[in-house]
Amino acid sequence: MAKWTRSGLGVTVLAVLAAGCGVVLPQAQPSPSATPARARSSAAPSSTPPGEHVAATSTATSTPTSTATAGDVALKAPADPCRVLSSRTRLRIRMPKATRDRRDVACAWTNEPGTAPPFVLRDLKISYTTGLAGLAFTEEEARMTFATRRRNDYRQPSVFGGAPSVKGVIRQVGTARSGEHFDEGYYVYYVYQVAAARRGEGRAVLRKGNVVVSITASGADIPTRRVRDGRPAGNATVQTLIDAVAPQALAAVR
């Protein structure tokens, strides 16, 4: 079992890879903000440089240095999750289309893949969990919900795939820092398959007080008109998308 780091735009994940669990990294068409992944030392840094998201192994627990809420004040999710991203951000990630979820406090965005190959498919979803049966979470209930999700996602984040190939505790995502902009977070990356289509997906789950925020980015690159020829979007690609939207998604929780 090897320890290594993979970094995207302001995001570094210290991952635990199961033996024989490889990830296909496509030659994706990068967004204007994307930067290539760079290798880092496997030793954990003594301090976190600005703009980096550091994750520990799956056995580590998050210990935020401060709380993101004041006292027992309950935070609320945005009334319209489809408005949390600025027009500049939507233009930057090339996802103009937004669809509001009718059942949950969530919104999904998609890109325009084009009308001829190669096709670049990208999807993004931001959801907010604030309670059950119309009752708002206490901070302790949100903490328990977060812990349950992390346990399940570390084991198998999708019914269409196996264990994640990358997982870890989030210390920073984009410009949002643990203990300052959110209380705790984790990240998983995995490849799943539905019929002949294979996709790469990254999921960042963040707790800010009594609200749990989930940001999921996924995609595939298809060089022909045949879906089975597609290559899953790589870890660095989906991390770049999550980095670009996480600060605004968290800032909308007030």
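What you see is a predicted model; the values in this text were computed from it and never measured. (Residues numbered from 1 in each chain as written. Predicted model: local features only at pLDDT ≥ 70, side-chain atom pairs only at ≥ 80, totals over all residues. Heavy atoms only, no water.)

Enquirer: Help me out: how do you make sense of the overall build of the protein in this one?
Expert: Looking only at helices and strands, the protein features 3 helices and 14 strands. Within the protein, contacts between residues separated by at least 24 positions form 66% of all contacts whose residues are at least 6 apart in sequence. For the protein, the accessible surface area stands at approximately 12,600 Å², while carbon and sulfur atoms represent 54% of it. (Helix = DSSP H or I, 4+ residues; strand = E, 2+ residues; numbered from the N terminus. Contact = heavy atoms within 4.5 Å. Areas by Shrake-Rupley, 256 points an atom, 1.4 Å probe, with all protein chains shown as cover.)

Enquirer: Looking at this structure, how should I read helix α3 (residues 235-251)?
Expert: Think of an α-helix as 3.6 residues a turn; residues three or four steps apart then line up on the same face. In a regular helix each residue adds 1.5 Å, so 17 residues correspond to 24 Å; α3 covers 25 Å between its end C-alpha atoms and thus fits that length. Taking the largest bend as the criterion, α3 deviates by roughly 40 degrees, centred on Val245, and proline Pro247 comes between one and four positions later. The element α3 is extensively covered by neighbouring structure, given that 13 of its 17 residues are classed as buried. (Expected span 1.5 Å × (residues − 1). Bend = angle between axes of the 7 residues up to and from the residue. Buried < 20%, exposed > 50% of the residue type's maximum accessible area, 1.4 Å probe, protein only.)

Enquirer: Would you mind showing me how to read the pattern of salt bridges here?
Expert: Two side chains with opposite charge may pair up if their charged atoms get near one another. Per the stated rule, a full pass over the model turns up 12 salt bridges. For Lys125, the salt bridge identified is with Asp101, shortest N-O distance 3.7 Å. A residue pair is termed long-range when its members are at least 10 positions apart, and Lys125 in strand β5 (residues 119-129) and Asp101 in the loop between β3 (97-100) and β4 (105-110) qualify at 24 residues. Take Lys125: its relative accessible area is 36%, and that puts it in the partly exposed class. Taking the shortest distance from any N to any O, the salt bridge between Arg203 and Glu201 comes out at 3.5 Å. One exposure class covers both Arg203 and Glu201, and it is buried. Salt bridges here are not isolated pairs; linked through shared partners, they connect Glu139, Glu140, Arg143, Asp183, Glu184 and Arg207. (Salt bridge = Lys/Arg side-chain N within 4 Å of Asp/Glu carboxyl O.)

Enquirer: In this structure, what is going on with helix α2 (residues 139-155)? I would like to understand it.
Expert: The first and last C-alpha atoms of α2 sit 25 Å apart over 17 residues, in line with the 24 Å expected at 1.5 Å per residue. All buried positions along α2 are accounted for by Ala142, Phe146, Arg150, Asp153 and Tyr154. Taken around the axis of α2, the buried residues stretch over an arc of 95 degrees, which confines them to a single face. Opposite the packed face of α2, turned more than 90 degrees from it, sit the exposed residues Met144 and Arg155. Contacts from the buried residues of α2 go to β8 (166-169), β11 (184-194), β12 (197-208) and β13 (211-222). (Arc of directions from axis to C-beta.)

Enquirer: What exactly am I supposed to notice about the packing of aromatic side chains here?
Expert: Centre distance and the angle of the planes are the two values used to describe a pair of aromatic rings. Following the criterion strictly, the structure yields 3 aromatic pairs and no others. A centroid spacing of 5.8 Å and a plane angle of 80 degrees characterise the contact between Tyr154 and Tyr186, whose relative ring orientation is edge-to-face. Highlighted residues: Tyr154 in helix α2 and Tyr186 in strand β11, separated in sequence by 32 residues. Of the residues examined, Tyr154 reaches a relative accessible area of 11% and is grouped as buried. Three or more aromatic residues joined by ring pairs form one cluster here, namely Phe146, Tyr154 and Tyr186. (Phe/Tyr/Trp six-rings, centres within 6.5 Å; stacked < 30°, edge-to-face > 60°.)

Enquirer: Got a minute to help me understand the state of the cysteines in this structure?
Expert: Cysteine pairs can be covalently joined through their sulfur atoms, and such a bond is termed a disulfide. Tallied over the full model, the rule gives 1 disulfide. Between the sulfur atoms of Cys82 and its disulfide partner Cys107 the distance amounts to 2.1 Å. Since a negative S-S torsion denotes a left-handed disulfide, the Cys82-Cys107 link at about 100 degrees is right-handed. Placement of Cys82 in the loop between β2 (11-17) and α1 (87-93) and of Cys107 in strand β4 is noted, with a sequence separation of 25 residues between them. Look at Cys107 and you get buried, because its relative accessible area is 0%. (Disulfide = S-S within 2.5 Å.)

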